[in-house]
Amino acid sequence: MFSIGDATITRVEETNLPSYPLKDIFPEFTDAHMAEHKSWLAPHHYDADKGLIRLAVHSWLLQVGGKKILIDSCCGNNKAKPGRPFWHMLNVPYLERLAAAGARPEEIDLVMCTHLHHDHVGWNTQQKDGKWVPTFPNARYVFSKPDVDYFSKVDADPKEGPAELGTFRECVVPILEHGRADLVSGGPYRLNDFIEIDSAPGHSPGHVFFKLESKGKRAAFIGDVWHHLLQVYYPDWNFPKNSDAAQAKVSRRKVLDYCASSGALVFPGHVGLPFAGRIEAAQKGYRPHFEP
Ligand SMILES: [Zn+2]
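Calculation criteria
For every chain, the first residue of the written sequence is number 1, and numbering continues from 1 onward in sequence order. Predicted model: local features are reported for residues with pLDDT of at least 70 only, side-chain atom pairs are reported and counted for 80 or more only, and whole-chain, interface and lining totals are derived from all residues. Counting from the N terminus, the helices are DSSP H or I runs at least four residues long and the strands are E runs at least two residues long. For this measure, only C-alpha atoms enter the radius of gyration; the expected value for a globule follows 2.2 Å times N^0.38, where N is the number of residues. Three exposure classes are used, based on other C-beta atoms lying within 10 Å of a residue's own C-beta, which is placed from the backbone: buried for 20 or more, exposed for 12 or fewer, and partly exposed in between. In this description, a residue-residue contact is defined by the distance between C-beta atoms placed from the backbone, which must lie within 7 Å. Two strands are counted as paired when DSSP detects at least two bridges linking them. Throughout, the arc means the angular range of directions from the helix axis out to the C-beta atoms. Residues enter a nonpolar core if they are buried, belong to Ala, Val, Leu, Ile, Met, Phe, Trp, Tyr or Cys, and are joined to the set through C-beta atoms within 7 Å. All axes are obtained by fitting lines to C-alpha atoms, using only the stretch in contact for helices, and the reported angles, taken between N-to-C directions, cover 0 to 180 degrees.

Caption draft 1: Representation of the overall build of the protein. A tally of regular secondary structure across the protein gives seven helices and 17 strands. Relative to the compact-globule value of 19 Å for 292 residues, the protein shows a C-alpha radius of gyration of 18 Å, a close match. For the protein, buried positions account for 45% of its 292 residues. When contacts within the protein are restricted to residue pairs at least 6 apart in sequence, those whose partners lie at least 24 apart make up 66%.

Caption draft 2: The pairing of strand 17 (residues 286-289), seen in detail. Along strand 17, the buried face is formed by Y286 and P288; none of R287 and H289, which line the opposite face, is buried. Summarising the sheet, strand 16 (residues 278-281) and strand 17 pair through four bridges and their orientation is antiparallel. Paired with I279 across the strands is P288, a residue of strand 17. As consecutive antiparallel partners, strand 16 and strand 17 are separated by four residues, and within that stretch G285 has a phi angle of approximately 70°, a positive value.

Caption draft 3: View of helix 3 (residues 94-101). Within helix 3, the full set of buried residues consists of Y94, L98 and A101. One side of helix 3 holds all its buried residues, which, seen down the axis, span an arc of 60°. For helix 3, the exposed residues lying more than 90 degrees away from the buried face are E96 and A100. Residues of helix 3 that are buried in the fold lie against strand 2 (7-21) and strand 4 (52-64).

Caption draft 4: Examining the nonpolar core more closely. Formed by 80 residues in total, the largest nonpolar core has its most connected members in L62, V111, F209, A219, A220 and F221. Ranked by the residues each element gives to this core, the list is headed by strand 4, at eight residues. If we ignore the near neighbours within four places in the chain, the residues touching A220 are F209, K211, Y258, C259, A264, V266 and F267.

Caption draft 5: Seen up close, the sheet that holds strand 12 (residues 195-199). Taken in spatial order, the five strands make up an open sheet running 11-12-13-14-15, and their pairing is mixed. Each edge of the sheet is formed by a strand with only one pairing partner; in this case those strands are strand 11 (189-190) and strand 15 (265-268). Relative to strand 12, strand 11 is paired through two bridges, and the arrangement is antiparallel. By the bridge assignment, Y189 is partnered in strand 12 with I197. Those strands touched by helix 7 (residues 245-262) are strand 13 (208-214), strand 14 (217-223) and strand 15, and its axis lies near 160° from that of strand 14.

What follows is the structure, encoded as C-alpha cells:
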C-alpha cells in the first residue's frame, strides 16, 4: 500500500507475466542498450530466458476523502484475446483481491478509465442472465469523451468493428446505456478536491491521466502513457498500437515533465515491480526511480 497525504493507494493485480518479445515491441533496442540497462531489466521488467518483456496488469484502488475509487479495470475473465496468449481467457480472482484490498464491488464510488483499450475496461461489467451489467452497481464511471466517440465509430463500422476485441460493446456501452457514465473532454478538468484529469492523447485519441493531490503530496496515474521503464529513458520509443504515434511522444514528454517537476509518485498501468516510482529529469530523457 502507498500513502499520499491522506490518500491510500493499493494495487489490485490481475496478471504480471512475460508477454511480448522485447525487440518486437522496441525495434530501437540494441545490444548496447542491453549492456546499459541489464542491471534493472531482469527479472521484474524483462524475462531474460525467454527474451520477453514483463507487463503487469492491475487496477489502482485509491481511497481518499471517504471515497473508494478504482482506476482502470484490467482485462476481465473469460475474454478471448487473439495474439495475447498471456491474457487469453483469464480466470483470476480479481474481485476477491479487490475485496482484500479494501473494497467490495458495491462500495466502489468511482471507476476511472485512463483510456478505453480492452485491458483497461474489462471488469467494468459482468454478465448476469445473459446481459452485461455494471460490476460496480453504485459507481459513476469516468470515461474520456474523445475515446467514447472514437471507439463508437470503430464499433459501428462493419469492416473495423467490433472495437477492442468486443470489449467496447461488453464493457463500455452497457455503462453508457445504464446512465452510469460521466464523460470528460480535454483538460485539465477538476473532478473533485483531490483529483484533476489532464489529457495525454496519442496511445488512444482520448487518453487521459489523473493527478492526485493531498496535503501537498502528489501522485499521477498515467495509464499507458508509457508501458515500460525503457520509455522513460527513451521517451520517443512508442509501444505499438497508437492512434497517433507522433502525439503519443509529445504526451509522454508532457507527463514525464509533470512527474519530474512535481515530484509525483507515478502509478503506471503495466510497469513491473515495484509498480510505482518517481521520475527525475536527466541530461538526455529522464531517469525512473522504481527501486524494489
Ligand atoms: Zn494497457
